[in-house]
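Coordinate analysis (summary)
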Amino acid sequence: QVQLVESGGGLVQSGGSLRLSCAASGRTVSTYAMGWFRQAPGKEREFVASITWSGGSTVYAASVKGRFTISRDNAKNTMYLQMNSLKPEDTAVYYCAARVGVLTPFGSWGQGTQVTVSS
């Protein structure tokens, strides 16, 4: 199990940018695959992006591909989500998550950080 803490959320105008961070703690956190999810009011939580433990492979939801970039710095035990060209429909609570391997469920979750995009 790892502990995850998100930061970097806030209010931004449409077309703007934000960078979310997810600080992880745990002895073997650098070996975990990680990801970002989001949940908008009244909607189900949805997948945003994921990254392997090495950072060598990433996957994006179609709705954010080309606008968001997921990355990680294992030396700092931190994962990032660079969000550009933000749209009002990106407004949600963003959660980071970790899993032991790409074929296992995400078992560790952060508390979430609010992102609000105004039109």
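Preceding this paragraph is the structure being described.
Residues numbered from 1 in each chain as written. Predicted model: local features only at pLDDT ≥ 70, side-chain atom pairs only at ≥ 80, totals over all residues. Heavy atoms only, no water.

**As for the overall build of the protein chain**
- Counting secondary structure elements, the protein chain contains zero helices and eleven strands.
- The N-to-C order of helical and strand elements in the protein chain reads β-β-β-β-β-β-β-β-β-β-β.
- Counting the 119 residues in the protein chain, one finds 44% classified as buried.
- Within the protein chain, contacts between residues at least 6 apart in sequence are counted, and of these 55% link residues at least 24 apart.
- On the protein chain, roughly 6,200 Å² of surface is accessible, and the fraction owed to carbon and sulfur atoms is 51%.
- Charge-centre separation for the protein chain: the mean point of 11 positive side chains lies 6 Å from the mean point of 6 negative side chains. (Helix = DSSP H or I, 4+ residues; strand = E, 2+ residues; numbered from the N terminus. Buried < 20%, exposed > 50% of the residue type's maximum accessible area, 1.4 Å probe, protein only. Contact = heavy atoms within 4.5 Å. Areas by Shrake-Rupley, 256 points an atom, 1.4 Å probe, with all protein chains shown as cover. Lys, Arg positive; Asp, Glu negative; His and termini not counted. Charge placed at Lys NZ, Arg CZ, Asp CG, Glu CD.)

**Side note on the environment of Thr104**
- With respect to the helices and strands, Thr104 occurs in the loop between strand 9 (92-99) and strand 10 (108-109).
- Each C-alpha atom, one on Thr104 and one on Ala33, is 9.4 Å from the other, the two residues being 71 residues apart in sequence.
- Among the polar contacts listed, one links the side chain of Thr104 to the backbone oxygen of Gly101, at a separation of 2.8 Å. (Polar contact = N/O pair within 3.5 Å; in protein donor to acceptor, adjacent residues only side chain to side chain.)

**A short note on the nonpolar core**
- Among the nonpolar cores identified, the biggest contains 29 residues, and Trp36, Leu81, Met83 and Tyr94 are the most heavily contacted of them.
- Counting only elements with at least two residues in this core, the list comes to strand 3 (18-25), strand 4 (33-39), strand 5 (46-51), strand 7 (68-73), strand 8 (78-83), strand 9 and strand 11 (113-118). (Core = buried A, V, L, I, M, F, W, Y, C linked by side-chain atoms within 4.5 Å.)

**Some thoughts on the side chain of Arg99**
- Note on placement: Arg99 falls in strand 9.
- Within the structure, the side chain of Arg99 is placed 3.3 Å from the backbone oxygen of Thr104, a separation counted as a polar contact.
- Beyond its immediate chain neighbours, meaning those up to four positions away, Arg99 contacts Tyr32, Ala33, Thr104, Pro105 and Phe106.

**Digging into the pairing of strand 5**
- Relative to strand 5, strand 4 runs antiparallel, the two sharing five bridges. The partner of Arg38 across the bridge, within strand 5, is Glu46.
- Counted along the chain from strand 4 to the antiparallel partner strand 5, the turn is six residues long, and its residue Gly42 has a positive phi close to 80°.
- Here three bridges tie strand 5 to strand 6 (residues 58-60), and the two strands are oriented antiparallel to one another. Residue pairing across strands places Ile51 opposite Thr58, the latter belonging to strand 6. (Pairing = 2+ DSSP bridges.)

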